[in-house]
Amino acid sequence: MQEGLHKLIPTDDTIVAISTPPGRSGIGVIRISGCLVERIAGRFLRLSTPLTSKRASLGKWHDEEGTPIDEVVATLFKSPGSYTGEDTLELSAHGNPLILQRIVHSICFAGARIAAPGEFTMRAVLNGKMDLIQAEAVRGFVEAQTLAQARTAMLQMGGTLSRRLAPEKNQLIDILARLEAGIDFAEDDVSVPDNHVVAVELTRIQEKLVEIRATYTFGKILFQGIRLAIVGKPNVGKSSLFNRFVGAERAIVTEIPGTTRDVLSESISLDGIPLRFSDTAGVRQSADPIECIGIQKTMEELSEADLVLVVLDASSPLDAADREILSRIAATTYVTVLNKCDLGVICEPGSDVAAAIKVSAVTGSGMEELRNAIREKVISNGQDSSSGILTTARQAENVTRAVDALKNAVAALNQGVPHEMVLLDIYEGLEQLNVLTGEVLTDDILGRIFSTFCIGK
Ligand code: GDP
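The structure presented is a predicted model; accordingly, all values stated were derived computationally and were not measured.

(A) Expanded view of the overall build of the chain. Counting its secondary structure elements, the chain contains 14 helices and 13 strands. Residues classed as buried in the chain amount to 48% of the 457 residues present. Intrachain contacts of the chain at a sequence separation of at least 6 include 66% that bridge at least 24 residues.

(B) Examining unusual backbone geometry more closely. Omega for the bond connecting S79 with P80 falls within 30 degrees of zero, at 0°, which places this linkage in the cis form. A positive phi angle is found at K54, which is not glycine, with a value near 65°. You can see K54 is positioned in the loop between β3 (45-47) and β4 (56-62). Under the relative-accessibility criterion, K54 is labelled exposed at 54%. Although it is not a glycine, K340 adopts a positive phi angle of roughly 65°. On the basis of relative accessibility, which here comes to 22%, the residue K340 falls in the partly exposed class.

(C) Focus on the packing of helix α4 (residues 132-143) against helix α5 (residues 147-157). In the contact formed by α4 and α5, the axes pass within 8 Å of each other and the chain directions differ by 155°. Classified by the angle between their axes, α4 and α5 sit roughly antiparallel to one another. Judged by the twist between their axes, the crossing of α4 over α5 is left-handed. Where α4 abuts α5, its residues I133, Q134, A137, V138, G140 and F141 lie against A150, A153, M154, Q156 and M157. Along the lines of polarity and charge, the residues of the contact of α4 with α5 split into eight nonpolar, three polar and no charged.

(D) Region of the structure containing the packing of aromatic side chains. Using the criterion set out here, one finds two aromatic pairs in the structure. Lying over the aromatic face of F120, R31 brings its terminal NZ or CZ to 4.9 Å of the ring centre. Against the face of Y83 rests K457, its NZ or CZ located 5.0 Å from the ring centre.

(E) Geometry of the pairing of β4. In this sheet, β4 lies alongside β3 in antiparallel orientation, the contact comprising three bridges. For L47, the partnering residue across the bridge sits in β4 and is G59. With antiparallel pairing between neighbouring strands as the criterion, β4 and strand β5 (residues 68-77) make up a hairpin whose turn holds five residues, including G66 at a positive phi of roughly 90°.

(F) Region of interest: the layout of surface pockets. Approximately 410 Å³ is the volume found for the largest pocket. Along the wall of the largest pocket there are 23 residues; nearest its centre are G140, E143, F223, Q224 and T391. For the lining of the largest pocket, the elements supplying multiple residues, two or more each, are α4, α5, α7 (195-224), β9 (264-270) and α12 (393-414). Examining the composition of the lining of the largest pocket, we find that six residues originate from one element, α4, more than from any other. When grouped by side-chain class, the residues that make up the lining of the largest pocket number seven nonpolar, 13 polar and three charged.

Analysis parameters
- Residues numbered from 1 in each chain as written.
- Predicted model: local features only at pLDDT ≥ 70, side-chain atom pairs only at ≥ 80, totals over all residues.
- Heavy atoms only, no water.
- Helix = DSSP H or I, 4+ residues; strand = E, 2+ residues; numbered from the N terminus.
- Buried < 20%, exposed > 50% of the residue type's maximum accessible area, 1.4 Å probe, protein only.
- Contact = heavy atoms within 4.5 Å.
- Axes fitted to C-alpha atoms, helices over the stretch in contact; angles between N-to-C directions.
- Parallel < 35°, antiparallel > 145°, perpendicular 65-115°, else oblique.
- Left-handed = near helix turned anticlockwise from the far one by under 90°.
- Nonpolar A, V, L, I, M, F, W, Y, C, P; charged D, E, K, R; others polar.
- Phe/Tyr/Trp six-rings, centres within 6.5 Å; stacked < 30°, edge-to-face > 60°.
- Lys NZ or Arg CZ within 6 Å of the ring centre and 35° of its normal.
- Pairing = 2+ DSSP bridges.
- 1 Å grid on protein atoms, 1.4 Å probe; cavity = no way out; pocket = protein on both sides within 12 Å on 5 of 7 lines; lining within 4 Å.
- Points joined across faces, edges and corners; volume = space filled by probe spheres on them.

This is the structure:
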């Protein structure tokens, strides 16, 4: 148990929660963790065979008056060989919410309390069963919306990212020890580490951390998805293209220019990465106040989009409005789409415009090529999560702070600042990595992370 935390977050009591979703189901699982587990089991469970750790036993659960409530399968996990590190009991009862509540009621009657969201996992962290990155991965796994997210979260639960960070942490500890020794025992013939040598070592660690931080670009895309904005003049087929993608008549398609006034959005998955489409109002000057709002939103969307699909009408020549749009998106990451190719291609975007993908929203031709073009733009080569990647903003923030601290340390060393001062920056760098993995825990961090968990996890 980590020092100083138990005061605010009680961990010496017994917690209980229904771990399966609300509603009727085949079975419902109740989880209990804490020192009262065996006493509670002894009081309410009537089993044909005695409870043995990690063995399922069939029996009847009785209420406080000794009346049988349900037949259950009970599995005891003795401390420390459990998820939380404490004695844990998992009860698989029939999935009737009334019965499950009744069982929970009897457990609370015997001295347990209802667990807060994520409290089982928090106890696992506090008891050293997993680090904070692994705990975050548990949440990521439960909430994964694509298999690619689940795969990454599972690797993270196994500790890939924590292992990737370990060498840098160890090197920092080693540097700190040498610098400390140089200060403490300077008179006892302990050599003072050379500034240049330490600066080179710190720079190497910093570079490694920058490399790790760069994995967040992919981690963020993987977990938060990509925001795609579809822009173009009215009537070029943006709504039709959007519908093709999401496979439903989501946007209103009309032949009157300027009818897509709201920024609609919808999600689909591309290789396990969620794509959030925004079907935006036609980018053009308009006197209509409602449309102006739409256009303003489009420009906002553009600034927030990870990728822009700029749609041109292949069947008519490029005009000033198209050019205006192309100039506005020049600084963004974009794919040019020549729509309405079924009507013939007479539009020539020119060599200054990124290679155009020829499609037809009506016939569906070219859609696979368009998906490939999006894939190439957003999932650059060599990005995979098997070596451990950052997946949350918190993780990226801690690594950034560690990098900054080490940068300061290197600058200080180069300026000949006394080692006592340089140490502070290096300690700060190490502290940030320790906060990242959870060797240093605060109530604030625990609160932020575990409050977003579901009950019973
Ligand atoms: P938006 O204003 O850019 O959203 O354009 P819409 O999607 O509302 O389409 C405007 C008109 O063009 C509609 O009549 C569509 O049926 C038509 N349209 C859209 N895409 C294509 C296409 O690929 N080929 C043809 N022939 N017509 C299209």
